[in-house]
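A structural walkthrough
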Amino acid sequence: MKAYPHRHLLGIEELSPEHVQTILDTADGLREVLDRPIKKVPALRGKTVVNLFYEPSTRTRASFEVAEKVLSADSLSITTATSSVQKGETLLDTARNLEAMNPDMIVIRHSSSGAPHFLARHCRSAIVNAGDGAHEHPTQALLDALTLRQKKGRLKGLRVAIVGDLLHSRVMRSNVWLLTKMGADVVLCAPPTLVPPGIEALAPVTHRIDEAVEGADAVMMLRIQRERMTGGFYPSDREYHLRFGLTAARAARAKKDVLILHPGPMNRGVEIASEVADGPYSVILDQVTNGVAVRMAVLYLLLGGSAEAVA
Amino acid sequence: MSHPAGYLVRQELMDRERLARTLARMAHEIVERHPDMAGAALVGVRTRGVPLALRLAGLVKAACGVAPPVGALDITLYRDDLTMIAPHPVMKGTDIGFSIDHRTVVLVDDVLFTGRTVRAALDELVDFGRPARIELAVLVDRGHRELPIRADYVGKSLTTSRDDVVQVMLREEDGQDRVVLLEKERARSAAGKGRKKPVGRRRGTGSRKKGKGK
């Protein structure tokens, strides 16, 4: 038995390597449930989870919903496009009103960094960060790590290149925290306009993709987040692809058994060529399956046990 | 493997040899009830039910020539106290690599106590199919049932006090084969001289020795 002391999952930064390990081990144990003839276990019967999404999402929201259903929690999903947020309700008011319905957990995605932390201070529910601004996306990093560990058997000592729109990427931040905590070597790569200031304190940065990919055990491609770009960060999609896109020729510079990851959604022909995305080294769909297992583990660890220690 | 903190060994219930003999007898009882073992399977409840099920399967094969398939059941997600316990049980996963439909499934666990583990195991098992029949084999039945559940094959029955712990150690998990009855340390040190053990010990079995270390 292992103690899992956190009440919320707000980010990877504050987790210890042991806690990351506990989440990954739990996810490994839970993944088997998805292959059962009846994909439902009564573990979280009677628990209510609210999925509160202030930004669009396919994978993250669907996989939280699947994880909740498999564990028998009751869930409701609120997307802002069809909610009273359109009428000007504040985040705190929305959260307080939802809390009045007695949920046990709120899963939140928000465009502002720190929104989940804000809710954690004001709500009694357990809060799970499903992506906050350009800050963190902890369950994505956990599912990436689970995929790497599953395919490579370890995280320690792996060389992982993270390439793409670093500036707007919460996925990159969570992954850098997680991978460096677990002893992997991370190298970041982006055009100078898409490198957030200060990031080189966490991992080395290069502006040449060939250099980043060279000898890598895994290459994690990041989406160009056009919806967050207000200026000209690069001349054109075509030129970005020529300079920073992952093509089969570039992927060949990595180790022979390289893994290609992408958190989705992909811009085919921009950051990643279709031949790579659909190629033999791509584990992009394994990531999605593992995403359900990781979210089940987070739900189980945050809602399954009692906060008070029982002898 | 050491004993849980705050507990002392009161009695040795089985050593390696006695455990082996007990399992051999249980295997024969299983074969007696299912002579050809066709359509039978063993499913061990994690953690120690699994090595016990594997050993029983080996003994069954020696007795009748047919090795029944063996599965492993992790009942964590079916526990009725999941939201009350801390810390979290570590998930090891269920692994049943065969269809249980129309089979006789013998559930195997180390200790039968309140019956709640068996209740969870039954609930989980029926989510995997519709067995023709489910039976229960336990190495030790220590009483104190909280549910109407009984075992079909019992290695050893004994009367215990509720606070006691029956610890089954198996070489696959713990490096040695041994079954011991543990009692709480404070029962010995805190209880006054005139006070006897609080509960239990209504009926003695022939093999029972005087408690150790008292």
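The preceding data block contains the structure.
Small disclaimer: the values here were computed from a predicted structure and weren't measured. (Residues numbered from 1 in each chain as written. Chains lettered and ligands numbered in written order. Predicted model: local features only at pLDDT ≥ 70, side-chain atom pairs only at ≥ 80, totals over all residues. Heavy atoms only, no water.)

Quick look at the pattern of salt bridges
Operational definition: We define a salt bridge as a contact between a side-chain nitrogen of Lys or Arg and a carboxyl oxygen of Asp or Glu at a distance within 4 Å. Working definition: helices are DSSP H or I runs of at least four residues, strands are E runs of at least two. Numbering for both runs from the N terminus. When accessible area is computed with a 1.4 Å probe and restricted to protein chains, residues below 20% of their type maximum are described as buried, those above 50% as exposed, and intermediate ones as partly exposed.
Here the structure, examined in full by the defined rule, presents 35 salt bridges over all chains. A salt bridge links R228(A) to E55(A); the shortest N-O distance between them is 3.0 Å. Placement of the pair is R228(A) in the loop between β8 (218-221) and α8 (237-244) and E55(A) in the loop between β1 (48-53) and α2 (59-70), with a sequence separation of 173 residues. You can call R228(A) partly exposed: its relative accessible area is 23%. With a shortest N-O distance of 3.2 Å, D164(B) and R10(B) are connected by a salt bridge. Taken together, the residues span a long stretch of sequence, with D164(B) in the loop between β6 (153-157) and β7 (165-169) and R10(B) in strand β1 (residues 7-14) at a distance of 154 residues. R10(B) gets classed as buried once you look at its relative accessible area, which sits at 2%. Among the charged side chains, a network of salt bridges with common partners joins R33(B), R133(B), E135(B), R150(B) and D152(B).

Some thoughts on the sheet that holds strand β3 (residues 105-110) of chain A
Residue and element names in this part refer to chain A. Threshold: Pairs of strands are assigned from DSSP output, requiring at least two bridges between the strands. A fitted line through C-alpha atoms represents every axis, and for helices the fit uses only the stretch in contact; the resulting angles, taken between N-to-C directions, go from 0 to 180 degrees.
Reading across the sheet, the four strands line up as β2-β1-β3-β4 and stay open at both edges, with parallel pairing between neighbours. Looking at strand neighbours, the two that pair on one side only are β2 (74-79) and β4 (126-132), the edges of this open sheet. Between one strand and the next, the sheet's axes are offset by a mean angle of 15°, whatever the strand orientation. Bridge analysis of β1 against β2 gives six bridges, and the strand direction is parallel. Bridge pairing in β2 links L52 to I78.

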